[in-house]
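Take a look at the letters that make up each chain.
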Amino acid sequence: MTDDPRSAPKRRPETLAAQALGWIDRASGSVAPPIYPSTTYARGEDYQLLAGRTYARDQSAAFAQPEALLAALEGGAAAALFGSGMAAATAVFQALKPGDHVVVQENLYFNVPVWLRQWAEPWGLEVGFVPTGDVEAIAAAMRPGATRLVWIETPANPTWAVTDIAAVAGIAHGAGALLGVDSTAASPVLTRPIALGADIVMHSATKFLNGHSDVLAGALVTARDDAFWSRIKQVRALGGAVLGALEAWLLMRGMRTMHLRVRRQSDSALAVARHFRNHPKLVGVCYPGLEDDPGHGVARRQMQGGFGGMLSLRFKGGAPAVLAFVARLEVFVRATSLGGVESLVEHRGTAEGPDSPVPKDLLRVSIGIEHVDDLIADLEQAFAAI
Ligand code: PLP
């Protein structure tokens, strides 16, 4: 037990998470962490800061514990929390300079390309979009000396295409660029991108990290506490897209049960994917845990202990069949987002609008922690009704 989470001894990730790095509040003896709502921090009579903090936009005390735990789980040098996953992702691009070139996968969480096209390109970033999962396309798009960042998401929302992180890290570093990985769908339970060569790992902490659909949050983890990381921290401090104290506390609380949740969600997702893979009303099931999935080989190498709680169903009847199907569901909730304890379905074509590149016959499924037999039965009865 220690007051300083950074000095916690090396233990397995489950233990670190369950015990919140063994950080006991010495002042009160509290096992559960305190909530730190203060926005400002005192100075002593000598006008020195009492605890090295000035103001919550720069360095909130509420962030120390969840950031330390996430950095430990990802095997990184440091972590930074943001007010949302989008705030975290965009901070990485904002830390670059106008004229810098970046290579980005085109089919990933759709608002990242939308933001890049609408804000980053007009601001001066040069963006080369490449097909998701295609490592050779990344290699071909690199401009050695000019490309500063490669950005991938794996498994990628909502087709769950898998990208070989180690291969892309080799390509990025060979051209003098950094690799950023949106690892939201994998979570640190299943993939540790930094060990595979990534420089920055990003999470929509709204999803599996928190896991209860009650916190909007984002996080970055860095392999090195270097000049680029300082710039990212400056983007956060000056731009001000920070997390509130209660949200940071709830996120910490969520992460303590993450391993149990994510393993259960992965096991159930695999069972659902296997059960429906040859369903006569489906074109197919997108899930990297299926042996015939195009990403299965890479996923087996870079994901440990499961393939995640996310899958997508492709319907023979297109969007009308998807919408008729979801209307019949009784256990699955029709709602956006993913990674929570409750199972959700979403027709991304409807959510993303007419310009969406997502196939209209695709239904995204986020598997929760309910009994898997209830989930399969609910999907079965909805299939029977259409
Ligand atoms: N990355 C992925 C893979 C996501 O699924 C999402 C949200 O769905 C985001 C980033 C954006 O995160 P947030 O909604 O927390 O801003």
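These numbers were taken from a predicted model, which means no experiment stands behind them.

### Topic: the overall build of the protein
Helix and strand content of the protein: 15 helices and twelve strands. In terms of overall size, the protein behaves like a compact globule, its C-alpha atoms giving a radius of gyration of 21 Å where 386 residues would be expected to give roughly 21 Å. Each of the three principal axes of the protein carries a C-alpha extent, and together these read 75 × 50 × 35 Å. Taken over 386 residues, the protein has a buried fraction of 53%. As presented, the protein carries roughly 16100 Å² of accessible surface, and 54% of it is formed by carbon and sulfur atoms.

### Thoughts on the domain arrangement of the protein
Assigned domains within the protein: domain 1 (13–255) and domain 2 (258–385). Taken together, the contacts link 36 residues of domain 1 with 36 residues of domain 2. Surface buried jointly by domain 1 and domain 2 totals about 2900 Å² across both partners, of which 62% is contributed by carbon and sulfur atoms. It is Trp160, Leu190 and Phe208 in domain 1 that bury the most area against domain 2; as a group they hold 26% of the surface buried on that side. Where domain 1 touches domain 2, the interface holds two salt bridges. We note a salt bridge from Asp164 to Arg301, for which the minimum N-O separation is 2.8 Å. One can count 17 residue pairs in polar contact (both at pLDDT 80 or more) joining domain 1 with domain 2. Among the secondary structure elements, those contributing two or more residues to the side of domain 1 that touches domain 2 are helix H1 (13–18), helix H7 (165–174), helix H8 (187–190) and helix H10 (245–255). With four residues, the top contributor of residues to the side of domain 1 that touches domain 2 is H8.

### A word on empty space enclosed by the protein
Take a probe with the size of a water molecule and roll it over the atoms, and the empty space left behind shows itself. In this structure the tally under the stated criterion is three cavities of 30 Å³ or more. The calculated volume of the largest cavity comes to roughly 80 Å³. Contributing to the lining of the largest cavity are 13 residues, with Pro34, Ala62, Gln65, Pro66 and Trp249 lying nearest its centre. Elements represented by at least two residues in the lining of the largest cavity include exactly helix H3 (64–74) and H10.

### Side note on the site of the ligand
Near the ligand there are 15 residues, and of these Gly85, Met86, Asp182, Ser204 and Thr206 occur at the shortest range. Within the backbone of Gly85, an N or O atom sits 2.9 Å from an oxygen atom of the ligand. Between the ligand and the protein, one listed contact pairs an oxygen atom with a side-chain N or O atom of Lys207 at 3.0 Å. Coverage of the ligand by the protein amounts to 92% of the 390 Å² it exposes when considered alone.

### Quick notes on the nonpolar core
Nonpolar side chains tend to gather and get buried jointly when the protein is soluble and globular. Val285, Tyr287, Leu311, Phe315 and Phe325 are the most contacted members of the largest nonpolar core, which has 71 residues in total. Among the domains, domain 1 (13–255) and domain 2 (258–385) are the pair contributing at least three residues each to this core. Leave out the neighbours within four places in its chain, and Val285 touches Ala273, Phe276, Arg277, Leu290, Leu311, Ser312 and Leu313. Residues Ala78, Ala89, Ala91 and Leu220 belong to the second largest nonpolar core, which totals 30 residues.

What counts as what
Residues numbered from 1 in each chain as written. Predicted model: local features only at pLDDT ≥ 70, side-chain atom pairs only at ≥ 80, totals over all residues. Heavy atoms only, no water. Helix = DSSP H or I, 4+ residues; strand = E, 2+ residues; numbered from the N terminus. Rg over C-alpha atoms; globule rule 2.2 N^0.38 Å. Buried < 20%, exposed > 50% of the residue type's maximum accessible area, 1.4 Å probe, protein only. Areas by Shrake-Rupley, 256 points an atom, 1.4 Å probe, with all protein chains shown as cover. Domains from an automatic or database assignment. Contact = heavy atoms within 4.5 Å. Buried area = accessible area lost by both parts, 1.4 Å probe. Salt bridge = Lys/Arg side-chain N within 4 Å of Asp/Glu carboxyl O. Polar contact = N/O pair within 3.5 Å; in protein donor to acceptor, adjacent residues only side chain to side chain. 1 Å grid on protein atoms, 1.4 Å probe; cavity = no way out; pocket = protein on both sides within 12 Å on 5 of 7 lines; lining within 4 Å. Points joined across faces, edges and corners; volume = space filled by probe spheres on them. Near = heavy atom within 4 Å. Core = buried A, V, L, I, M, F, W, Y, C linked by side-chain atoms within 4.5 Å.

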